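Spelled out from the first residue to the last, the chains are:
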There are 4 protein chains.
Amino acid sequence: MTVTKVGVLGARGKVGSAICEAVRAAEDLELVAEVDQGDPLSALVDAGAEVVVDFTHPDVVMGNLEFCVANDIHAVVGTTGFTDERLETLRDWLADSPDTGVLVAPNFAIGAILMMRFAVQAAKYFPSAEIVELHHPNKADAPSGTAHRTAAMMVAARAEAGLGQSPDATSTELDGARGADVDGVRVHSVRLTGLVAHQEVLLGTQGETLTIRHDSLDRSSFAPGVLLGVRSIAAAPGLTVGLDAFMDL
Amino acid sequence: MTVTKVGVLGARGKVGSAICEAVRAAEDLELVAEVDQGDPLSALVDAGAEVVVDFTHPDVVMGNLEFCVANDIHAVVGTTGFTDERLETLRDWLADSPDTGVLVAPNFAIGAILMMRFAVQAAKYFPSAEIVELHHPNKADAPSGTAHRTAAMMVAARAEAGLGQSPDATSTELDGARGADVDGVRVHSVRLTGLVAHQEVLLGTQGETLTIRHDSLDRSSFAPGVLLGVRSIAAAPGLTVGLDAFMDL
Amino acid sequence: MTVTKVGVLGARGKVGSAICEAVRAAEDLELVAEVDQGDPLSALVDAGAEVVVDFTHPDVVMGNLEFCVANDIHAVVGTTGFTDERLETLRDWLADSPDTGVLVAPNFAIGAILMMRFAVQAAKYFPSAEIVELHHPNKADAPSGTAHRTAAMMVAARAEAGLGQSPDATSTELDGARGADVDGVRVHSVRLTGLVAHQEVLLGTQGETLTIRHDSLDRSSFAPGVLLGVRSIAAAPGLTVGLDAFMDL
Amino acid sequence: MTVTKVGVLGARGKVGSAICEAVRAAEDLELVAEVDQGDPLSALVDAGAEVVVDFTHPDVVMGNLEFCVANDIHAVVGTTGFTDERLETLRDWLADSPDTGVLVAPNFAIGAILMMRFAVQAAKYFPSAEIVELHHPNKADAPSGTAHRTAAMMVAARAEAGLGQSPDATSTELDGARGADVDGVRVHSVRLTGLVAHQEVLLGTQGETLTIRHDSLDRSSFAPGVLLGVRSIAAAPGLTVGLDAFMDL
């Protein structure tokens, strides 16, 4: 078995330390560098890291990636804040380092990625489609970003298939009962003490319904997806956006 | 085994004929009269009916009941349109016939009655409570009457227990995402081809949630409740409102 | 809009008459022949049927199809009993009629087909996988054929991805509690009055689960799939097995 | 507002420290003593504790309770291992201290207690009843103790109502598919990575089903129940077994 040497940036943060633990537990990966604020990036080179995982901060991630690419180290990035401009800069750097791969992904939870993918694939076969997302009550936005994105992708798939609005004979509505209207797909946001992060996509046609539900019960759910990225990135030079590119769907 | 003689009013309607079938299938009940528009009510007396089931129409139900009470026949009534005034009239008639019982109930689906009961019993133990009701897309009102009634009863139970609003940090909301606000309990209405009538009551507290879900998959779901009424009414002289009075909860 | 002329074999059966109704309701289809036991097959030719739907009986379906292929009429077949030998015979007939298409499918419920497809696609990403299928209590076999088939396909996908048994530390088991073992995927069969036909595929990995649920609430759920077959078959000469061949997945 | 002074035994354990945190966060409670192995019990008296919470170990709990009762301190006990003999000893001690109350409960999760209560209340109204419990794959026993207890209580309620076996026409069964048979109620145990502790009680009658589901997503779910016990125990002299005695159901 080939063992890949992995460095983690942001290693002492909550997410970073969970990733360190997951890398340590994987037989085909070796954790060679744990780097955080104040540590020199050169530690990655010194340790011979082949792949770096970056869950840091929008303020520092570009510096980190410039260093990685310059030193031919692949990177798997969960840090947020990637604008089109930043992605363009990344592509420029990678053009000069043709063997290096960088994965930038907004979501590493494999279950969430599959839920969205299946929702979109199924969307064109069902006249009716709605989303119920359920979260802990400390969440600031309703609907969640994931639910909004799922709805938008389903709307596009429906439009392509010539499906219009879902049928709905509602004539008397208590304000808000039918949820938020994301271009024809209704989205309902439940906020409940005790919940973590959950989403249900409901699709209906004559006599049958299909429900795709994702439950995130623990914040460690990103770990298997990060490892999938780490194991796939060396074979994917250049910039990859979204973990689903590495999934066989 | 004592066998009770049952007459059905509205016997040729959709609901009535399903009740006739259920009575016929019950070993302890005998269907002695099937009466519908145009048939004389005296057929009930001639057949010796002890209990009459009435699923007819608001326009005729009071005449039916006046006849039943005058002839000392118990009645189980699913016909709608009972105002306080009508109930008062019924009580007056029953006062002159002290052995006769009449049950008027808005809902005979045992599962729905239990769902509401449990939702109210549980309401005071959970800081968070929301309702998701799901129906076929031909439904005109959102939320459903059952969901609205459930929410109102839960609100009352919560208030009595000193519970205020459910916690909710939502600061950015796409209009309608958080559902309809029924005095502090949020209600979400899903409309989906393929569904019949479903309701989920969600309750949350620290680290755990309780979900009570009722699925009505077939319009025959009222039948077991009607039979429960038929079997209980002889022992309950006077007016009873709501089938739960005959349930041991 | 081109209108396709459709004939239905077994038109007076429960399924057949539901299909007649669905064809009649579709703007792009015209019901030109309703044929059942005792009617001559020539009625299909006389009416100019371009596509025939066959929901008949294993005893007569081969004769029906021989006639259709000989007369260059496409066929969409939901009748059961297709052995490899029968499929081979069909292929031979079709070889002589290169423009004709025949679709044979064990399942026309689009939701069920998608559930199976997604279950297989997702299987390789989750260490844990189980199936809960729920049906009315009159069902003779446990697990259902669909659940058994889903499990077998998931087992194959897991094996290909190098996944072994799902983790399971059970050391004390009340006989049967952990369900039926289909080569490493556990299948649980619930039988409940009031249910129709439902299946839930549960997949779990670190900190998250994905659930894919299909609810068949009404026996008319095959209709949209049959129409999809009718609309697709003319463009697919030869033999096609399984409706998913006509779905863009 | 009266403030109750609370001491915690086993205060440095996982559960104990969570309880300390919950007591500290409650406005009507004051945490006056945190006692663990090696600390003298007299600290409870010195601090003026009115109620003590004991989540310790079967080896020490009886000594703790003897001390509490002798010093007129109420106790709320989640420690396991209470045999009938131990309960009898407790009753003897309490007989000499008529104002003191002790609550011993096997389960403080309010949602789980309500699930069981509602399952039993509903059991007599549904011909069909089954249980699906779902847990993480490290669990040793299948079914869970809670599921087994729920089934046994439902069986008793069904028997009292004259209900026999649930209807089940299964004639071909893959071994284990229909779950474990707990005196006529089938119990299915799902084991899935990512899950915590979940249970679903399914009840079915003609045309409708009722589902009662409890999800425990976090081990802190006992805290609200412990606080309910702390707030109720002073008004309940003597021995109380089970938290539901303090719930208004």
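The rules behind these values
Residues numbered from 1 in each chain as written. Chains lettered and ligands numbered in written order. Predicted model: local features only at pLDDT ≥ 70, side-chain atom pairs only at ≥ 80, totals over all residues. Heavy atoms only, no water. Helix = DSSP H or I, 4+ residues; strand = E, 2+ residues; numbered from the N terminus. Buried < 20%, exposed > 50% of the residue type's maximum accessible area, 1.4 Å probe, protein only. Areas by Shrake-Rupley, 256 points an atom, 1.4 Å probe, with all protein chains shown as cover. Lys, Arg positive; Asp, Glu negative; His and termini not counted. Charge placed at Lys NZ, Arg CZ, Asp CG, Glu CD. Pairing = 2+ DSSP bridges. Axes fitted to C-alpha atoms, helices over the stretch in contact; angles between N-to-C directions. Contact = heavy atoms within 4.5 Å. Least-squares fit on C-alpha atoms with pLDDT ≥ 70 in both. Buried area = accessible area lost by both parts, 1.4 Å probe. Salt bridge = Lys/Arg side-chain N within 4 Å of Asp/Glu carboxyl O. Polar contact = N/O pair within 3.5 Å; in protein donor to acceptor, adjacent residues only side chain to side chain. Nonpolar A, V, L, I, M, F, W, Y, C, P; charged D, E, K, R; others polar. Phe/Tyr/Trp six-rings, centres within 6.5 Å; stacked < 30°, edge-to-face > 60°. 1 Å grid on protein atoms, 1.4 Å probe; cavity = no way out; pocket = protein on both sides within 12 Å on 5 of 7 lines; lining within 4 Å. Points joined across faces, edges and corners; volume = space filled by probe spheres on them. Domains from an automatic or database assignment. Parallel < 35°, antiparallel > 145°, perpendicular 65-115°, else oblique. Left-handed = near helix turned anticlockwise from the far one by under 90°. pLDDT = per-residue confidence, 0-100. Expected span 1.5 Å × (residues − 1). Arc of directions from axis to C-beta.

**Regarding the overall build of chain A**
Right, on to step 1. Within chain A, the secondary structure is distributed over 7 helices and 13 strands.
Right, on to step 2. Taken along its principal axes, the extent of the C-alpha atoms in chain A is 70 × 40 × 35 Å.
Right, on to step 3. Going through the 249 residues of chain A one by one, you find that 58% of them count as buried.
Right, on to step 4. Carbon and sulfur atoms provide 48% of the accessible area of chain A, an area that totals close to 9800 Å².
Right, on to step 5. Once the 17 positive and 34 negative side-chain charges of chain A are each reduced to a mean point, those two points are 6 Å apart.

**Quick look at the sheet that holds strand E1 (residues 4-9) of chain D**
All names here are of chain D.
Right, on to step 1. Taken in spatial order, the 6 strands of this open sheet run E2-E1-E3-E4-E5-E13, and their pairing is parallel. Each edge of the open sheet carries a strand with a single partner, namely strand E2 (29-35) and strand E13 (238-241). Strand-to-strand twist of the sheet, defined as the mean angle between neighbouring strand axes without regard to direction, takes the value 20 degrees.
Right, on to step 2. As paired strands, E1 and E2 are joined by 6 bridges and run parallel to one another. Residue Lys5 lies in a different strand from E2, and its bridge partner there is Glu30.
Right, on to step 3. Along the sheet, helix H4 (residues 84-95) contacts strand E5 (101-104) and E13; its crossing angle with E13, the most-contacted strand, is approximately 150 degrees.

**Things to note about the relation of the copies chain B and chain C**
Right, on to step 1. For the pair chain B and chain C, the best superposition has an RMSD of 0.1 Å and corresponds to a rotation of 180 degrees with a translation of 0.0 Å parallel to the axis. Such values leave the two copies arranged in the relation of a two-fold axis. Scanning chain B for the C-alpha nearest the rotation axis identifies Leu217 of chain B, at a separation of 3.3 Å.
Right, on to step 2. Here 100% of the interface residues in chain B have copies in chain C that are interface residues too; the copies meet face to matching face.

**Some words on unusual backbone geometry**
Right, on to step 1. Along the chain, Ala142 of chain B connects to Pro143 of chain B via a cis peptide bond; the corresponding omega equals 0 degrees.
Right, on to step 2. For Pro143 of chain B, the position within the fold is in the loop between strand E7 (141-142) and helix H6 (145-160).
Right, on to step 3. Residue Asp72 of chain C is not a glycine yet carries a positive backbone phi of 65 degrees.
Right, on to step 4. Note that Asp72 of chain C resides in the loop between helix H3 (58-70) and strand E4 (74-77).
Right, on to step 5. Its relative accessible area of 46% is what places Asp72 of chain C among the partly exposed residues.

**Topic: the interface of chain B and chain A**
Right, on to step 1. The interface of chain B with chain A comprises 47 residues on the first partner and 47 residues on the second.
Right, on to step 2. The junction of chain B with chain A conceals about 3100 Å² of combined surface from both sides, 61% of it contributed by carbon and sulfur atoms.
Right, on to step 3. When the buried surface of chain B facing chain A is broken down by residue, Leu174, Leu192 and Thr193 of chain B rank first, second and third, together holding 17% of it.
Right, on to step 4. At the junction of chain B with chain A, the criterion picks out 0 salt bridges.
Right, on to step 5. On inspection of chain B and its partner chain A, the count reaches 18 residue pairs in polar contact (both at pLDDT 80 or more).
Right, on to step 6. For the side of chain B that touches chain A, the elements supplying multiple residues, two or more each, are strand E6 (128-135), E7, strand E8 (172-173), strand E9 (180-182), strand E10 (185-191), strand E11 (197-205) and strand E12 (208-216) of chain B.
Right, on to step 7. Its residues assigned to classes, the side of chain B that touches chain A shows 20 nonpolar, 17 polar and 10 charged.
Right, on to step 8. Here 2 bridges tie strand E8 (residues 172-173) of chain A to E7 of chain B, and the two strands are oriented parallel to one another. By the bridge assignment, Glu173 of chain A is partnered in E7 of chain B with Ala142 of chain B.

**Digging into the interface of chain B and chain C**
Right, on to step 1. Opposite the 4 residues of chain B that make contact, chain C presents 4 residues.
Right, on to step 2. Surface buried jointly by chain B and chain C totals about 300 Å² across both partners, of which 76% is contributed by carbon and sulfur atoms.
Right, on to step 3. The interface formed by chain B and chain C contains 0 salt bridges.
Right, on to step 4. Linking chain B with chain C are 0 residue pairs in polar contact (both at pLDDT 80 or more), by the criterion used here.
Right, on to step 5. Tallied by class, residues from the side of chain B that touches chain C come to 2 nonpolar, 2 polar and no charged.

**A closer look at the packing of aromatic side chains**
Right, on to step 1. In the structure shown here, the tally under the stated rule is 10 aromatic pairs over all chains.
Right, on to step 2. Plain terms: the ring middles of Phe118 of chain B and Phe118 of chain D are 4.3 Å apart, the flat faces sit at 5 degrees to each other, and that makes the pair stacked. In this pair, Phe118 of chain B sits in helix H5 (residues 110-123) while Phe118 of chain D sits in helix H5 (residues 110-123), so the two residues belong to two different chains. For the residue pair Phe118 of chain B and Phe118 of chain D, the accessibility class agrees, reading buried in each case.
Right, on to step 3. Each ring, one from Phe55 of chain C and one from Phe222 of chain C, has its centre 5.9 Å from the other, and the planes form 35 degrees; the classification is tilted. Residue Phe55 of chain C is found in the loop between strand E3 (51-54) and H3, and its partner Phe222 of chain C is found in the loop between strand E12 (208-216) and helix H7 (223-232); the two are separated by 167 residues along the sequence.

**Overview of empty space enclosed by the protein**
Right, on to step 1. All chains considered together, the criterion is met by 1 cavity of 30 Å³ or more.
Right, on to step 2. By volume, the largest cavity amounts to about 1100 Å³.
Right, on to step 3. Forming the boundary of the largest cavity are 48 residues, of which Glu200 and Arg213 of chain A, Glu200 of chain B, Glu200 of chain C together with Glu200 of chain D lie nearest the centre.

**As for the domain arrangement of chain A**
Residue and element names in this part refer to chain A.
Right, on to step 1. Along its sequence, chain A is organised into domain 1 (4-104 + 220-246) and domain 2 (110-217).
Right, on to step 2. Each of domain 1 and domain 2 has a C-alpha centre, and these two points are 32 Å apart.
Right, on to step 3. Taken together, the contacts link 6 residues of domain 1 with 4 residues of domain 2.
Right, on to step 4. Of the roughly 360 Å² buried where domain 1 meets domain 2, counting both sides, 64% is carbon and sulfur surface.
Right, on to step 5. On the surface where domain 1 and domain 2 come into contact, there are 1 salt bridge.
Right, on to step 6. Residues Arg117 and Asp244 are paired through a salt bridge, measuring 3.8 Å at the closest nitrogen-oxygen approach.
Right, on to step 7. The interface formed by domain 1 and domain 2 contains 1 residue pair in polar contact (both at pLDDT 80 or more).
Right, on to step 8. Here the residues of the side of domain 1 that touches domain 2 sort into 3 nonpolar, 2 polar and 1 charged.

**Let's talk about the packing of H5 of chain B against H5 of chain D**
Right, on to step 1. In contact at an axis separation of 11 Å, H5 of chain B and H5 of chain D are set at 150 degrees when each is read in the N-to-C sense. Considering the angle they form, H5 of chain B stands roughly antiparallel to H5 of chain D. In the crossing of H5 of chain B with H5 of chain D, the sense of the turn from one axis to the other is right-handed. Between H5 of chain B and H5 of chain D, the contacting residues are Leu114, Phe118, Gln121 and Ala122 of chain B on the first element and Leu114, Phe118, Gln121 and Ala122 of chain D on the second.
Right, on to step 2. In terms of residue class, the contact of H5 of chain B with H5 of chain D is made up of 6 nonpolar, 2 polar and no charged.

**Overview of the confidence of the model for chain A**
Right, on to step 1. The predicted model of chain A averages 96 in pLDDT, with 100% of residues at 70 or higher.
Right, on to step 2. In the model output, the complex is listed with pTM 0.93 alongside ipTM 0.91.

**Side note on helix H4 (residues 84-95) of chain A**
Residues and elements named next belong to chain A.
Right, on to step 1. Relative to the 16 Å expected for 12 residues at 1.5 Å per residue, H4 spans 16 Å between its end C-alpha atoms, a close match to the ideal helical length.
Right, on to step 2. Buried within H4 we find Leu87, Leu90 and Leu94. Buried residues of H4, viewed axially, fall in a sector of 55 degrees; they line one side. Exposed side of H4, more than 90 degrees from the buried face: Glu85 and Ala95 are the residues found there.
Right, on to step 3. On its buried face, H4 is in contact with helix H3 (58-70), strand E5 (101-104) and strand E13 (238-241).

**Regarding the relation of the copies chain B and chain A**
Right, on to step 1. The two copies are related by a screw motion: chain B maps onto chain A through a turn of 180 degrees and a shift of 0.0 Å along the axis, at an RMSD of 0.1 Å.
Right, on to step 2. When the interface residues of chain B are mapped onto chain A, 100% of them again lie at the interface, so the same face is used by both copies.

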